[in-house]
Amino acid sequence: MQFGGRKKKISTIPQSELYGQHLQFYGQPPLENISLSEFETFAAERLKLLKTVENLGVSHVKLTEPYRRKLESQLKALNFPYRPDADDKKSQSGPIEYEKRRKDHISHFILRLAYCQTEDLRRWFIQQEVDLFRFHFTELVPKQQLAFLHKNNLHYDTISSEEKTALKDQLINSSFGVSGIKVMEHEFYKVPFQDALDLVRLRKVYLKQGYAYIPHQDIVTIVLNDFRTRLSKALALTARSLPAVHSDERLQPLLNHLSHAYVGQDYSIQKNVGKISLDQIDSLSGKSFPLCMRQLHQSLRENHHLRHGGRMQYGLFLKGIGLSLEQALQFWKMEFIRGKVDADKFDKAYAYSIRHMFGKEGKRTDYTPYSCMKVILSNPPSQGDHHGCPFRHSDPELLKQKLQVYKVSPSGINQILELVKGMHYQLACQKYFELTHNIEDSSFSLNHPNQYFLESQKLLGGGKDIKREMDAPQRSQENSASKGSTGTQEVAANTSQHLAEMTEDLESFFQEA
């Protein structure tokens, strides 16, 4: 099959030249023919790689030695490029470097098709690709980085030794961690200030006559911003072509399967509905709720009310741990009528939104509990709200007081606050899990409040009754991709089945790392 879209006259770089470099901006789509089998294999293995990038970003500080070591190991295992100095000679095992770079290129564009469909999918894909790009770019030596910039029309030149000497004092004062000796040892890039607004805003660079002087270690910020912008625009353009792609009966079910299978567990589907009683919630909130849900529960008990953002975040979480619709209606009604809402007003103003949350009203959408990324990035709380991520949205002093109330040790609080200061919010939550469960190292990468609950219950011994079946099927609305003629349905079913068989071993991998 051809993987190139509409035929039109475009300027293309010869493939030998395109794959002659270790790193690229993915500006030119692949135009060659590939088999459906290769299409599936490339897609599944890149998805496995991006999931590794996500898990390592949660469990390690990015670009630290353990992070680099584990990511390089996975790149090597999946036969993706991992060394900038690799040549094209065939190694004793595995494909030649050219084939690895070809696989990297094609697989990126395949996942663009799968992950351009919604805002959440685009956000997830961009974040993982940017993190992967950051790893590759920082592996390059300064000379290779400069060559990459020029090859991609980012003409940022290093300043001369004479200019460095003349501006030595200014560069020292404006650049974090740069001493007089380091100024002469390290490269500085002269960049138009509008290309370095993030660094200018943080006052990390010296400005002169419209140019920012950027130390070598910070040039990655400029390159990542450019890559993120290019990729975001490219995904928007790809989304416009989806109708043509979806008309191909071989690709539609495959792409839908890719986009819904491995972004994370779908905690909206439960096989343990009703296993938790309303009487257990108070006890569970103190033992097994993540801090975001614990504060929502506490606020609800104290104020007998939550605003819409809090009701959505907490309500979907409770749905995810096993509350049935009937239990949820009873739970919210009992609490609200203790405040200023009578039973009649609750039935008229609030019951509908709870039924809607469970897919029983409106568009009948079965809403999924919020992931950590959604809680952190969307709908920040305003005054009077209690939703959001405490590690992201709370004032550090208030967070410290809250952790003290919850009996976290002073040294543990300091560790959490250091992670928060570095904007490692999920790592801070994982550290909170370890401190409140008295374990040295958690064996999972935290990316969902409901995952926190399940891991806590497993650790405390309550997981057998409460733990959701992890192999739950996808939501019904996500399984409508293969509608059409009998022939089309048969092709779609075979394609989905083949991909499922090929990737069934990934499920356990995604729950590790």
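Residues numbered from 1 in each chain as written. Predicted model: local features only at pLDDT ≥ 70, side-chain atom pairs only at ≥ 80, totals over all residues. Heavy atoms only, no water.

### Thoughts on the packing of aromatic side chains
Scanning the model with the defined rule gives 27 aromatic pairs in all. Taken together, a centroid distance of 6.4 Å and an interplanar angle of 15 degrees make the contact between Y314 and F317 stacked. Of this pair, Y314 and F317 are both found in helix 16 (residues 308-321), 3 residues apart, which corresponds to roughly one turn of the helix. For the pair shown, Y314 and F317 are each scored as buried. Both rings, one in Y314 and one in F331, keep their centres 6.3 Å apart while their planes meet at 65 degrees; by these two values the pair is edge-to-face. Here F331 lies in helix 17 (residues 325-336) and Y314 lies in helix 16, a separation of 17 residues in the sequence. Three or more aromatic residues joined by ring pairs make a cluster, and in this case those are F289, Y314, F317, F331, W332, F336, F346, Y350 and F453. Geometry around Y406 places R294 over its ring, the cationic atom sitting 3.6 Å from the centre. For K319, the ring lying beneath its charged end belongs to F358, and the centroid distance is 5.4 Å. (Phe/Tyr/Trp six-rings, centres within 6.5 Å; stacked < 30°, edge-to-face > 60°. Helix = DSSP H or I, 4+ residues; strand = E, 2+ residues; numbered from the N terminus. Buried < 20%, exposed > 50% of the residue type's maximum accessible area, 1.4 Å probe, protein only. Lys NZ or Arg CZ within 6 Å of the ring centre and 35° of its normal.)

### Focus on the pairing of strand 4 (residues 211-215)
Counted residue by residue, strand 4 has 4 buried out of 5 residues, so it is predominantly covered. Bridge count between strand 3 (residues 206-208) and strand 4: 3 bridges; the pairing is antiparallel. In the strand pairing of strand 4, L207 is matched with A212. Hairpin connection of strand 3 to strand 4: 2 residues between the antiparallel strands, including Q209 at a positive phi of 50 degrees. (Pairing = 2+ DSSP bridges.)

### So, the confidence of the model for the chain
When pLDDT is averaged along the chain, the result is 81, and 81% of the positions lie at 70 or above. The spread of mean pLDDT over the elements of the chain runs between helix 28 (residues 506-510), the lowest at 41, and helix 15 (residues 291-303), the highest at 96. Contacts of residues 1-10 to residues separated by more than four positions or lying in other chains number 22 contacts, the stretch itself having pLDDT below 50. In the predicted structure, residues 467-493 sits below a pLDDT of 50 and forms 41 contacts with residues beyond four places in sequence or in another chain. (pLDDT = per-residue confidence, 0-100. Contact = heavy atoms within 4.5 Å.)

### Overview of helix 6 (residues 142-151)
For an α-helix, the turn length of 3.6 residues means that residues three or four places apart are oriented alike. Along helix 6, the residues classified as buried are Q145, F148 and L149. Buried residues of helix 6 fall within an arc of 100 degrees about the axis and therefore sit on the same side. Those residues of helix 6 that are buried lie in contact with helix 5 (119-139), strand 2 (188-192) and helix 11 (219-240). One or two steps after helix 6, the chain reaches N153, where phi turns positive at roughly 60 degrees. (Arc of directions from axis to C-beta.)

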